[in-house]
Amino acid sequence: MFETRSGEKLLETDPADMPADGRVVFIGRIASPWTTRETCPKNMRAARETGQPAVLTIDRTYRDGLLGLERASHVIILSWLHHAPRQLIVQKPRHAAEPKGVFSLRSPARPNPVGLHIAKLVALDIDTGRIDLDAIDVLDGTPVIDIKPYFASTDAIAEATIAGRDEPGQVGPGQVVR
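Notes on the structure in this doc start here. Here the structure is a predicted model, which means the values were calculated and not measured. (Residues numbered from 1 in each chain as written. Predicted model: local features only at pLDDT ≥ 70, side-chain atom pairs only at ≥ 80, totals over all residues. Heavy atoms only, no water.)

### Some details on the sheet that holds strand E6 (residues 100-101)
So, step 1. Ordered in space as E1-E5-E6, the three strands form an open sheet in which the pairing is antiparallel. With one partner strand each, in any of the chains shown, strand E1 (9-10) and E6 form the two edges of the open sheet.
So, step 2. Examined bridge by bridge, strand E5 (residues 88-91) and E6 share two bridges and lie antiparallel to one another. Within E6, the residue paired with Gln91 across the bridge is Lys100. (Pairing = 2+ DSSP bridges. Helix = DSSP H or I, 4+ residues; strand = E, 2+ residues; numbered from the N terminus.)

See the structure below:
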């Protein structure tokens, strides 16, 4: 599913083969329209542009944890990107001139393939564990490891930048807005 490109490096041991230490549990799964990596949007902006909604279903055991979540307009979803390779530590993205360490990228290929998604909460049914979302950028059946409410007052950082990346409306280090 992932090919190794020139300049990339692999870990000596695949983290998937190492002894478990965190005991992470899956609390539910995402139903999305995306069934292949090629058709799946690469980020949430691209997912929203498709107009395709998604549904997250929480397992019965964890449904009481949804109490009060209906107050949130948006949620942070942490998913387990179970199809991603875990041994790739230096990657060469197609759009980049040079290889980059996995921790400087948002790629799903990483030692612990945790996905971070901020989605609009469209509807919530605690009894069935159904959470309707405006969009999602993961494959159908992707496991979920956590959900948190999104707080614009503390989670949004307007001055955050990545050097060398053009992002509309953002000011880079050392730049002055006029």
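### What about the layout of surface pockets?
So, step 1. Reported here for the second largest pocket is a volume of approximately 340 Å³.
So, step 2. For the second largest pocket, the lining is made up of 14 residues, of which Ala20, Asp21, Gly22, Arg86 and Asn112 are closest to its centre.
So, step 3. Residue composition of the lining of the second largest pocket, grouped by class: nine nonpolar, two polar and three charged. (1 Å grid on protein atoms, 1.4 Å probe; cavity = no way out; pocket = protein on both sides within 12 Å on 5 of 7 lines; lining within 4 Å. Points joined across faces, edges and corners; volume = space filled by probe spheres on them. Nonpolar A, V, L, I, M, F, W, Y, C, P; charged D, E, K, R; others polar.)

### Focus on the nonpolar core
So, step 1. Counting 23 residues, the largest nonpolar core has Leu56, Ile77, Ile131 and Ile147 as the members making the most contacts within it.
So, step 2. Among the secondary structure elements, those contributing two or more residues to this core are helix H1 (44-50), strand E3 (54-58), strand E4 (74-80), strand E7 (114-125), strand E8 (130-133) and strand E9 (143-149).
So, step 3. Ranked by residue count, the leading element in this core is E3, at three residues.
So, step 4. Not counting residues up to four positions away in its chain, the partners in contact with Ile77 are Ile30, Leu56, Gly115, Leu116, His117, Ala119, Leu133, Ile136, Val144 and Asp146. (Core = buried A, V, L, I, M, F, W, Y, C linked by side-chain atoms within 4.5 Å. Buried < 20%, exposed > 50% of the residue type's maximum accessible area, 1.4 Å probe, protein only. Contact = heavy atoms within 4.5 Å.)

### So, the pairing of strand E2 (residues 28-31)
Successive side chains on a regular strand alternate, one facing one side of the sheet and the next facing the other.
So, step 1. Burial along E2 is one-sided: Gly28 and Ile30 are buried, while Arg29 and Ala31, pointing the other way, are not.
So, step 2. Note that E2 and E3 share four bridges and pair antiparallel. In the strand pairing of E3, Ala31 is matched with Val55.
So, step 3. As judged from the two bridges shared by E2 and E9, these two strands associate in the antiparallel manner. Counterpart to Gly28 in the pairing with E9 is Val144.

### A few points about the side chain of Arg110
So, step 1. Looking at where Arg110 falls in the secondary structure, it is placed in the loop between E6 and E7.
So, step 2. Excluding anything up to four places from it in sequence, Arg110 contacts Pro85, Arg86, Leu88, Val102, Phe103 and Leu105.

### Some points on the pairing of E8
So, step 1. Both E3 and E8 contribute to a ladder of four bridges, which runs antiparallel. By the bridge assignment, Leu56 is partnered in E8 with Ile131.
So, step 2. Note: E7 against E8, four bridges, orientation antiparallel. Residue Asp125 lies in a different strand from E8, and its bridge partner there is Arg130.
So, step 3. Between the antiparallel neighbours E7 and E8 lie four residues, among them Gly129 with a positive phi of about 75°.

### Details of the pattern of salt bridges
So, step 1. In the structure shown here, the tally under the stated rule is four salt bridges.
So, step 2. Among the ionic pairs, Arg48 bridges to Asp134, the shortest N-O distance being 2.7 Å. Remark: Asp134 occurs in the loop between E8 and E9 and Arg48 occurs in helix H1; sequence separation between them is 86 residues.
So, step 3. Note on Asp134: relative accessible area 21%, which makes it partly exposed.
So, step 4. A salt bridge links Arg130 to Asp132, with the nearest nitrogen and oxygen atoms 2.8 Å apart.
So, step 5. The class for Arg130 is partly exposed, based on a relative accessible area of 39%.
So, step 6. Under the relative-accessibility criterion, Asp132 is labelled buried at 17%. (Salt bridge = Lys/Arg side-chain N within 4 Å of Asp/Glu carboxyl O.)

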